[in-house]
Amino acid sequence: MPDLTPLLTDMLQQMRDVLSRDDLRAGLPLQPVVVTDVSPLLAEWVSMQSDYERQQKMIAELDADIARIQPWGDYPMQQIDQLAAQGLCLQFWSAPSWVLDMHHEWVEAYQLSLVSNNSKTSYFSIVVPIEAEINLPGAIRQQVPPCPLSTLIMLQTRAKDAARQGLTRMGDFALQYYLSIESALGLTNTLPPATKRARLKAHLKRIFSRK
């Protein structure tokens, strides 16, 4: 049987991290029941950790997409499909506002539509043939995610909810099996004093708040 000590040591540290977070089962006591065969526990913890990390990665990607598409808002994606059926495409561009002020001819030449602007930058779209290579001096073509802002925000909300639920499951799991992993490593009393005090304080607060 392989030596699980390094993996269990990492697992115990990760459990400590989870149990030290105030928003995860703060103040609840560790379960005193000790499981002798910890291999299934390790496998389940790795699975939960992997799921949580996947959600965190998805959130980071959606954050980047939302930041990129924010100036465009909920642009009508149906229009993109309609234009494609005509051999045309909708391109998204940005430019310093003064550049756009200098090139009024773009409005007629490319069906330019101003989407949003701020004190420095204007964000606009143009309609051109799909195969056309367009050069707008002083402007930068933007790669925009192929779905509206509201869809991205919805996906982000779901991913964050899934991540919170994953942390809750990990918190419950750590409460139930922390002592089992300690025992398998031949350790005791490995929770930091500060974590113990915080958990005890939260536990007492919860008890007295019920009275």
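Conventions we followed
- Residues numbered from 1 in each chain as written.
- Predicted model: local features only at pLDDT ≥ 70, side-chain atom pairs only at ≥ 80, totals over all residues.
- Heavy atoms only, no water.
- Helix = DSSP H or I, 4+ residues; strand = E, 2+ residues; numbered from the N terminus.
- Buried < 20%, exposed > 50% of the residue type's maximum accessible area, 1.4 Å probe, protein only.
- Contact = heavy atoms within 4.5 Å.
- Areas by Shrake-Rupley, 256 points an atom, 1.4 Å probe, with all protein chains shown as cover.
- Salt bridge = Lys/Arg side-chain N within 4 Å of Asp/Glu carboxyl O.
- Core = buried A, V, L, I, M, F, W, Y, C linked by side-chain atoms within 4.5 Å.
- Pairing = 2+ DSSP bridges.
- Axes fitted to C-alpha atoms, helices over the stretch in contact; angles between N-to-C directions.

With that settled, consider the overall build of the protein chain. Broken down by element type, the protein chain carries seven helices and four strands. Mapped in sequence order, the helices and strands of the protein chain form the string α-α-α-β-α-α-β-β-β-α-α. Burial analysis of the protein chain (211 residues in total) assigns 36% to the buried set. In the protein chain, the proportion of contacts linking residues at least 24 apart, taken out of those at least 6 apart, comes to 80%. Carbon and sulfur atoms provide 55% of the accessible area of the protein chain, an area that totals close to 13,000 Å².

Moving on to the pattern of salt bridges. Scanning the entire structure with this criterion turns up three salt bridges. Ionic pairing is found between Arg 54 and Asp 51, a salt bridge with its closest N-O pair at 2.6 Å. In this pair, Arg 54 and Asp 51 are both assigned in helix H2 (residues 39–69), three residues apart and thus about one turn of the helix distant. In this structure, Arg 68 and Asp 65 form a salt bridge, with 2.7 Å as the shortest nitrogen-oxygen distance. With Arg 68 and Asp 65 both in helix H2, this residue pair falls three residues apart, about one helical turn. For Arg 68, a relative accessible area of 37% corresponds to the partly exposed category.

Membership of the largest hydrophobic core comes to 40 residues, with the highest contact counts inside it found for Leu 8, Met 11, Met 15, Trp 45, Phe 173 and Ile 181. A total of twelve residues in this core trace back to one element, the largest contributor, which is helix H6 (residues 149–184). Setting aside anything within four residues of it in sequence, one finds Trp 45 in contact with Met 11, Gln 14, Met 15, Val 18, Met 170, Phe 173 and Ala 174. Core analysis: the next-biggest nonpolar cluster, separate from the first, contains twelve residues, Cys 89, Val 99, Leu 112 and Val 128 among them.

Another aspect to go through is the sheet that holds strand E2 (residues 113–117). Read from one edge to the other, the open sheet built from four strands follows the order E2-E3-E1-E4, with strand pairing classed as antiparallel. With one partner strand each, in any of the chains shown, E2 and strand E4 (140–142) form the two edges of the open sheet. The average undirected angle you get between the axes of adjacent strands in this sheet is 35 degrees. Note that strand E1 (residues 88–96) and strand E3 (residues 121–129) share nine bridges and pair antiparallel. Within the sheet, the bridge partner assigned to Leu 88 lies in E3 and is Pro 129. Across the sheet, helix H3 (residues 77–85) lies against E1 and E3, angled at about 125 degrees from E1, the strand it touches most.

Let us look at unusual backbone geometry. For residues other than glycine, phi is negative in most cases, and the peptide bonds are mostly trans. Phi is positive for Gln 111, close to 50 degrees, though the residue is something other than glycine. Among the secondary structure elements, Gln 111 is positioned in the loop between helix H5 (105–109) and E2. Here Asn 189, not a glycine, exhibits a phi torsion of approximately 55 degrees, which is positive. Within the secondary structure, Asn 189 is located in the loop between H6 and helix H7 (193–209). For Asn 189, a relative accessible area of 62% puts it in the exposed group.

In this section: the pairing of E3. Note on strand geometry: in a regular strand, side chains alternate between the two faces of the sheet. Burial of E3 is extensive: seven of the nine residues sit out of reach of the surface. Judged from the four bridges that link them, E2 and E3 form a sheet pairing that is antiparallel. Within E3, the position partnered with Leu 114 by the bridge is Phe 124.

Note that all results are geometric; they support no functional claim without further evidence.
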